[in-house]
Structure formats: C-alpha cells, structure tokens
Amino acid sequence: MLKFLLQRIVQGIVVMLVVAFVAFCIFRFLGDPVNNMVGDSATEEEKEQIRQQLGLDEPVAMQYLKFVSNIAQGEFGTSYRTRTSVIEQMKERLPATLELSFISGMLSILLGIPMGIYSALHPKSWLSKQFLVGSLMGISIPTFLTGLLLIYLFSVVLGWFPSQGRGGLVELGWWTTSLLTVKGWSYIILPALTLCIYQMTLITRMVRAEMIEVMRTDYIKFAKARGLPDRIVQYRHGLKNSLVPVITIIGLQLGSVVAFSIITETVFNWPGLGQMFIQSIEFVDIPVMSAYLIFVGAFFVILNLLVDIAYAFIDPRLRVH
Amino acid sequence: MSSLIRINNLQVEYPSRHGVFIALNQISLNVDAGTIHGLVGESGAGKSTVGSAIVGLLENPGHITAGEIIFDGQRIDEHSEKSLRALRGRSIGMIFQDPLTSLNPLLTVAEQLTETIIYHLKFSRKEAWERCLQLLREVDIPDPEQRAHYYPHQFSGGMRQRVVIALALCSEPKLLIADEPTTALDVSVQAQILQLIKRLTKSHNLGVILVTHDMGVIAQTTDKVTVLYQGQVVETGDTQTILKDPQHGYTQSLLSAVPRADRKLKRFPHASWIEDDVQSNFSDLLDDWKASSVKIVKGESQNILSVNKLNMHFKTAGSLFSGASKIIKAVNDVSFDVKRGEVFGIVGESGSGKSTVARMITRLYEPTSGNIAFEGESVTGTIPKVRLNHYRRCTQMIFQDPYSSMNPRMRVRDIIAEPILLYGLANKKEAFLRVNKLLEHIGLDTAAGLKFPHEFSGGQRQRISIARALATEPRLLICDEPTSALDVSIQAQILNILKDLQEVLGLTMIFISHDLPVIRQMCDRVAVMKQGHLLELTETAELFNSPKHEYTRTLLKLIPSAPVTCDSVDSHITTT
C-alpha cells in the first residue's frame, strides 16, 4: 500500500513538472517578458538590466530549473497588471473559489447519490422518472444559462438571494469565509447551485446505472436468498459496490468544478480564482495565467491521489499489490 | 413419513409481449429430510426455476399461477414476501453455481457470515464469531481463525464454494437448494464439494435439492432424481432405478449422450430429442478438397505438426519500485508431434496451459522460446508472409464459447465467407456458393446464411463455427473445449459432426478438453498437462487402462462414476 502511494506521488510530481514546463513556456516565450514589464519609455540599458535581474540571459534549461525552484518556494513572480505578488493575489482569492467548489461539490454528492439510489431501487416510480427527466435537463443546459435563469428566478422575481458578489465575510487569519453568517450563505447559494447542477445530474445517473448493474449480480441474489433484509442487501451489499466506479467520476468532477468555475464566477461576479484568470487573460497578465495553470494542475493531481487512496480503502482487491 | 417439502402441480409463468411462457408446467416433487434429490435437465428445462419458486425469488415478471408448495407441513407459496424472507436463510438455504460471483467482493468472509448469523439467530457479536469459526471448520476451511478475515478474492474457487456453503448453513436450515454447485469447478474440486454436501446432508439431516445438468453428478451424489424437460417432469424415482432402466425416451437419449470413460464408441448413439442429429455425408466435400490447391494426404503417418520445447512466460507488469516483475511460466518445455490424420488430445484442469499451447500453435501468442514446425517447416519467429498465410489457412480453430466467437453484427453468410475471401480462395459469388454447401453439411439450411448469430441456439452456433473453420479447407483443426458450454445432447451432436469430418476428410485435429470421457471418445493419443508441464503422452486406450503418472491416475479416479451400466446403453443403441 505504501509502495503504491509512493508510486502515485512520484507520478504526480512528474505530471507537475510537465505542467510547470508548459507554464514556463507561456511565461518565457509568449511575448517578451521584459517588454511586458517595463513601460514604453524604458531605454535599452534599463531593459538589459531587468533581463539580467530576471536571469533571462541564462540558458533555457537553467531558467526552467530556476522557475521550478521558485514555484516550489511559493514564488510565482509579479503580476503585470497589478504589480503585486501573484501568490498574494491568489491567496486572497483562493478561499472564495475553494468554498464555492466545496459547497457545490457537497451539494451534488448529497443530492445526487440519494437520487441515484432511489431511481435505481424504484425504477418504475413516478419520482424516479422526474429525476431522470430533470437530470437530462441538467446535463443539456449550459452552465451560464442555468446561472442566468437562477438569477432571474431567485434574485429578480423572488428577490430571495443577491445576484452578485460575495458578502457576509468573516476573517480567520488570512482565510476569509462566507460560511459563518446567514448573509454569507445567501451569497454563495446561487453560484453553488449553478455549479453543482451538472455534476449532480452526472452523479445521479452514474449511481443509478451502477446500482442497477450491481443489484443484478449473483452476490445480491445470494444475499437475498440468505434472507437478509432489504436494508442490508441494498446498502451494505449494493451501494458499497456501486460506489467504487462512482468515486473516480466524483473525484474528476470535483477537479473540474474548481477548474471550470470560471464561467460561474463570471456570471455571479464571484471574486475567485476563475474571475482573476479571466481578468488576467484580458490584460495578457502572463505570470498570473501560468500560476493559475499550475494551481489547476496541482489540484487535479492531489484529487487523483485522494481518489486512489479512497479506492484502495473501499476495494480490498486493490490493497494486495 | 411426511416429506420435508412437497410440491404439487406447480405452475410458473412468465408473461411477455409474445404471450405467456410456461417455465414450469404441473411440476410435482417430494424431498425427504436426510436425502439428496437431484433435478436434472438441459438448459431451458426449468430446473433452476424450481429453486427460485420455492424461496420466492422468481425474477420479474415470473409468478406462480397454480399448484402448492408445502414446506415442513406449511403451505408457503401463498406467503407474503416478509414471511418468505424469514424462511429464506433460516429454514431454506441456497447455493449458486458460480462461487466467484456469489460473494460480495468488498466484505471479508467473517463479515458476511456474522452479518447473516446475527440477523437470523440474534447472536451477540462474540457468539456469531464463534459460530462463524465453527461453520468454516465444518466445511473444511483450514486455519479458520485467520482465513475468516480474508476477502473472497483471496480464496480459490473451491474454497469460495465452501464459504458459500457455510453461508447457506448459517442458521441450520432444513432444506438446502444447490443450483449447479460444482459446474464452475475443476473435477478434483468438484469431487470434494460433492463429498462435503453428502456429508452435511447426513450430519445435519438436511433435505437437499441438487440442480444439475450433469448425469455423472446425479449418479454419484443423489438418492432420488427427477428428470425435467421443457418445464415438465419426464421421469422421477430412485436414482439407481432411473439410471439403470430409464423409461422415457428423453431420459434414454440424455443418458446415451453422456460420453463414456470406459470405452470408445464409434459415434454417439443418436441424441435427437432436442435438435436433429445430422448424419451428414461429407464425401462430396472431399471431392472439393481434392481439387483444391492444398494437397491432401490421407493415412500417411508423417508428422503434420512438431512442437519442440515450447515455452510461454507471462510477465506481470513491473512497477516503479519493485524493479523485477514476476514471471508466470504458463507453458514449460512442452514437446510433442501430431501425426497426420490423428486426433490429438490435450487434457488438463484450469491453469494447466492447454489453451496457451493452442494459442501458440495458431500463432495468436508468440512463444517465449521453442519451435513449432508445420509439415517440416518452421512457423515460429519471423517467417515469410507467404508461408505464414499458408500456415494460417491450413490451421483453423474452434473456440469454446459459441456466443462470443462470432461478430454479432455480421450475417452468418459473411462470417463463414470471411476467411475464404481473406485468403482469396474464391470470388464473392463462389464464396457464397461454398458457404451454402457448408451450411448444408453441418445441418442448417441455406436460409440460415442471411440470419445473424443471435438467432441461433448454442449448438447451432457451434456448428456455424465449424463451418467457418472448414471454409478455408484446413489441414489441422484446433478445437479448444468446443463443447464445454453446451448441453450433453448437443455436445453429442457436435462431437458426432467432428468425428464424421475427421473420418471422411482425414482432418488432423488437436482436441483440447478438461473432460476425460470426451477425450476418450474423440482422441487417438492424449497429452496430460498440469501447471504448464506435459506429464504424460500416450495412446488414449493406454492412458485410460494403465495410466503412468500419479496425476493422471488421480484425474481418472475423479471422473464421476459412469451413470449407466453397459447393458442398458447397448440395448438402447440397438433399439434406436
């Protein structure tokens, strides 16, 4: 097990080095970084000085190594746009994105799995059919449209929730949270719902398909033949086996919730990393873009690692090797 | 003495769009405590439905429409789901065919056992654990304290079936329904499991309903037997009486189709109860073959195939940290010659490497080392494409599973014509003419060519496989367990076809099987394999009469005793 973990960690590091290389290439070769940094009035001498300061006269391989070691120390350079440290800027926005993703991930799991179970166990009931129709809509409607529809319904027509921004913040050290106040929740609920609908429908459908499959297997038949009550057969034997493949999907989906919260954050003017990324694209703020790239890469790698651990935890057949 | 379970005129129906399918038609059955009652029949006979009907686990939309089931003096067919569930497990235990899939892979054996014990007997955790160990000991699981904490995948197939039996016995049921409990197991394991069931029947005074398709199992294990055919009871009575003196035509036909281990018959006496047996005249096929480009030599005792020191090693994937990957020696220094025109048998249990040898001969696997020569020319390693194509055309294979060995989206006509067109033996029009001829020879009409594989039964599909293999006019036919997925009567027909073919066309065959009686009926010489090694190679009669190797002797001893005495079958052969 430990060997397996180590192996996965090494693989993760390799992936991160590749991602860092792509980020490095963006930084180094997408336009002249020096020109981007200095104003139009700078002389050739000043430029040369900055070039030396940044180490841009060294061989490319050296620069890459330096780039990687800087990242490892949490040094992502300076934003072209705001002239502040990229890491500071990200640190400021990270809580917003992580909280949004966390809430929407939890929502999609807490709603999706029970709906999946229900529609698998009662395939002919009226409610199951509604779930399936609803999930089809959830998959078909693009996120920005869902967001706009929710804003129209809950902010414009009903006026229950604010439509823009993040409020009701409480500071815990450098982390700002909106989860401790009612006001904070009223801000996060709409974007979280928007973000979760797609994942939720996917999870519902996965759980349903897997569970229907599992309920047909011999060991379920045998469990029934042993006279075990439905509750044990369905949950202890059925659900646990259905969740093995579902976990992969959930892990990958949570990754994409963070990575692709860009659209939702834009629609709701949510001050998270996605919004920062959009703004940095507009200004060709390359250090921020490459930092965001590395962040998303790292997030996926860590999630995958967690999924692997969860897998081995649930399925004993994977533990042996 | 009143019986433990009495079934009177039970009728089970499955309504569907195409009308009502009657799975069981007026079945009556009596099982006493302390006896094993066999239910025998071929696929579609409804034998498994009986078990499901008793415990109320009929699959939707099946339901009981008439008759009664009286268990322990109580009528249970009208019970509600809830009281049936109380009966299941507590008074009636069930075991299923495939021990690999009967256990939940995510829970340890102890978890599955104690869960059932606690639910039924309301034991405390500690008492349940004690009972769990006791049960595992009773089914002969060595070292139960430790093994109870194993997960199902850590047990072998036979051990898993023991665990399944332990689970079924958790709360001392009175009736055990065993649905093909040994079909998925090797003969040596099968004998042990049957022995175990027999022993438990006596020690627990159980009533056992043993569902099987295997007459050998019936003969060896049961006290009474009921023969089912298409949902109806054909014959019922004492096992010995029925086997010695079957009254009904179907029972007779079924018994005569069982391959015999004691001596070789020229052909299986005809087994025409389900599908027509074809006694096809292959001689006009021979004329075609004589005209074909490949020379056919009959009766010359020259080796057609020589296998020399063949090795096949599979590597398990090495990982980053454990640099050395494990090597599994699937085939180890195997050498043999196949004479022209003979049927060469390879026999062995699962994992013996017999199929791997076949795959190397057909060049589906590249051997790790060693050499294969066809008609004196090497066909391993890099050889000219022309020679390889010629070799491939001359060796054809018939696979075990007739369901997955044909492309479900191709018409039968195209499936059979494919190899003809591939090797450019004829143009499309001629190829289809050839296909029609082949179809006739294997007992299907030419209209069958336009249908898709799923429209045929297993036996018919295996005939199509044979036609496909014959399409290129091969010299060497490799049959890898060609009948082990089929019912006995169908098996008899397929083996008859192969025998006829071999005789008329002088085909050389390599016949791979785990089933010794089938080997006896088919082969001239036999190689016995175990764990990748060739242990013994001799004439078939020699092998059965005076086996040299210890392992061969054990295998022979484990063949379920011949169900019939010689006289009854002989008289049956002459009468039909």
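All values reported here derive from a predicted model rather than from experimental measurement. (Residues numbered from 1 in each chain as written. Chains lettered and ligands numbered in written order. Predicted model: local features only at pLDDT ≥ 70, side-chain atom pairs only at ≥ 80, totals over all residues. Heavy atoms only, no water.)

(A) Quick look at the overall build of chain B. Counting its regular elements, chain B contains 21 helices and 20 strands. Burial status across chain B gives 55% buried among its 576 residues. For chain B, the share of sequence-separated contacts (at least 6 apart) that also reach a separation of at least 24 residues comes to 70%. Total accessible area on chain B is roughly 24300 Å²; 49% of this is exposed by carbon and sulfur atoms. (Helix = DSSP H or I, 4+ residues; strand = E, 2+ residues; numbered from the N terminus. Buried < 20%, exposed > 50% of the residue type's maximum accessible area, 1.4 Å probe, protein only. Contact = heavy atoms within 4.5 Å. Areas by Shrake-Rupley, 256 points an atom, 1.4 Å probe, with all protein chains shown as cover.)

(B) Structural context of the layout of surface pockets. Counted as a void, the second largest pocket has a volume near 920 Å³. As for the second largest pocket, its lining consists of 20 residues, of which A:Met215, A:Lys224, B:Leu58, B:Glu59 and B:Asn60 are closest to the centre. For the lining of the second largest pocket, the secondary structure elements donating two or more residues are α5 (86-121), α8 (182-215), α9 (218-225) and α10 (230-259) of chain A. Broken down by class, the residue content of the lining of the second largest pocket amounts to 8 nonpolar, 4 polar and 8 charged. (1 Å grid on protein atoms, 1.4 Å probe; cavity = no way out; pocket = protein on both sides within 12 Å on 5 of 7 lines; lining within 4 Å. Points joined across faces, edges and corners; volume = space filled by probe spheres on them. Nonpolar A, V, L, I, M, F, W, Y, C, P; charged D, E, K, R; others polar.)

(C) The arrangement of α5(A) in detail. Given a rise of 1.5 Å per residue, 36 residues ought to cover 52 Å, and the 50 Å separating the end C-alpha atoms of α5(A) matches this to within 8%. Two to three positions downstream of the cap, the backbone nitrogen of A:Ile87 sits 3.3 Å from a side-chain oxygen, assigning the N-cap of α5(A) to A:Ser85. (Expected span 1.5 Å × (residues − 1). Polar contact = N/O pair within 3.5 Å; in protein donor to acceptor, adjacent residues only side chain to side chain.)

(D) The arrangement of the confidence of the model for chain A in detail. Summing up the model confidence of chain A, the mean pLDDT is 83 and the portion of residues at 70 or higher is 96%. Mean pLDDT in chain A bottoms out at helix α2 (residues 33-37) of chain A, which sits at 69, and peaks at α5(A), which reaches 88. (pLDDT = per-residue confidence, 0-100.)

(E) Structural detail: unusual backbone geometry. Residues and elements named next belong to chain B. Here Asn 9, not a glycine, exhibits a phi torsion of approximately 45°, which is positive. Its place among the elements puts Asn 9 in strand β1 (residues 5-16). Residue classification places Asn 9 among the partly exposed residues on the basis of a relative accessible area of 40%. Of note, the phi angle at Asp 72 is positive, near 55°, even though the residue is not glycine.

(F) Here's a closer look at the side chain of B:Asp186. Residues and elements named next belong to chain B. The topology assignment puts Asp 186 in the loop between β7 (175-179) and α7 (187-204). Buried charged residue Asp 186 carries no salt bridge. Nearest counter-charge: Lys 354, at 6.5 Å. Among the polar contacts listed, one links the side chain of Asp 186 to the side chain of Ser 350, at a separation of 2.7 Å. The residues touching Asp 186, leaving out its near neighbours within four places in the chain, are Glu 349 and Ser 350. (Lys, Arg positive; Asp, Glu negative; His and termini not counted. Salt bridge = Lys/Arg side-chain N within 4 Å of Asp/Glu carboxyl O.)

(G) The arrangement of the pattern of salt bridges in detail. By the definition in use, this model includes 21 salt bridges over all chains. Here B:Glu115 ties to A:Arg226 by a salt bridge, and the two come within 3.9 Å at their closest N and O atoms. Taken together, the residues B:Glu115 in helix α3 (residues 109-121) and A:Arg226 in the loop between α9 and α10 connect one chain to another. One exposure class covers both B:Glu115 and A:Arg226, and it is buried. Note that B:Glu115 is salt-bridged to A:Arg236, the shortest N-O span being 2.3 Å. Linking B:Glu115 in helix α3 with A:Arg236 in helix α10, this pair reaches from one chain into another. Assessed through its relative accessible area of 8%, B:Glu115 is described here as buried. Owing to a relative accessible area of 33%, A:Arg236 belongs among the partly exposed residues under this scheme. Linked by salt bridges that have partners in common, A:Arg226, A:Arg236 and B:Glu115 make up one network.

(H) Summary view of the pairing of strand β3 (residues 36-40) of chain B. Residues and elements named next belong to chain B. Burial runs high along β3: 5 of the 5 residues are buried. Looking at chain direction, β3 and strand β8 (residues 207-212) are connected through 5 bridges and run parallel. Residue pairing in the sheet places Val 40 in a bridge with Thr 212 of β8. Where β3 and strand β9 (residues 224-229) come together, 4 bridges link them in parallel fashion. Following the sheet pairing, His 37 is matched in β9 by Lys 224. (Pairing = 2+ DSSP bridges.)

(I) Just the interface of chain B and chain A, in detail. Listed as interface residues are 30 residues of chain B and, on the opposing side, 27 residues of chain A. Summing both sides of the interface, chain B and chain A together bury roughly 2700 Å²; the carbon and sulfur share of this comes to 64%. Between B:Arg85 and A:Asp230 there is a salt bridge, with the nearest N and O atoms lying 3.5 Å from each other. Across the contact surface, chain B and chain A share 10 residue pairs in polar contact (both at pLDDT 80 or more). Of the residues assigned to the side of chain B that touches chain A, the class counts are 15 nonpolar, 10 polar and 5 charged. (Buried area = accessible area lost by both parts, 1.4 Å probe.)

(J) Expanded view of the sheet that holds strand β18 (residues 508-513) of chain B. Residue and element names in this part refer to chain B. Spatially, 6 strands are ordered β16-β17-β18-β13-β19-β20 in an open sheet, and the strand pairing comes out mixed. Of all the strands in the sheet, just β16 (395-398) and β20 (533-539) have a single pairing partner and so form its edges. The mean inter-strand angle of the sheet, taken between neighbouring strand axes irrespective of direction, is 15°. Relative to β20, strand β19 (residues 525-530) runs antiparallel, the two sharing 6 bridges. When the bridges of β20 are listed, Val 526 appears paired with Thr 538. The sheet strands contacting helix α13 (residues 385-394) are β16 and β17 (476-480), and the helix crosses β16 at an angle near 40°. Against the sheet, helix α16 (residues 458-470) engages β16 and β17, with an angle of about 175° to β16. (Axes fitted to C-alpha atoms, helices over the stretch in contact; angles between N-to-C directions.)

(K) Highlighting the pairing of β8(B). Residue and element names in this part refer to chain B. Burial analysis of β8 places 6 of its 6 residues in the buried class, the great majority of the element. Side chains Gly 207, Ile 209 and Val 211 project from β8 onto one buried face, and the interleaved Val 208, Leu 210 and Thr 212 project onto a second face that is buried too. The pairing of β7 with β8 spans 5 bridges and is classified as parallel. Across the sheet, the residue bridging to Asp 179 is Val 211, located in β8. Regarding the hand of the β-α-β motif, the stretch spanning β7, α7 and β8 is right-handed. (Right-handed = clockwise from strand over helix to strand, strands pointing away.)

(L) Examining the sheet that holds strand β15 (residues 377-378) of chain B more closely. Residue and element names in this part refer to chain B. Taken in spatial order, the 4 strands line up as β12-β11-β14-β15 in an open sheet, and their pairing is antiparallel. Because the sheet does not close on itself, it has two edges, and the strands there are β12 (327-339) and β15. With 2 bridges joining them, strand β14 (residues 369-374) and β15 adopt antiparallel strand pairing. Opposite Ala 373, over in β15, you have Ser 378 as the bridge partner. Helix-sheet contacts for helix α12 (residues 354-361) involve β11 (303-315), β12 and β14, and the interaxial angle to β11 is about 115°. Lying over the sheet, α13 contacts β11, β14 and β15, oriented at roughly 75° with respect to β14.

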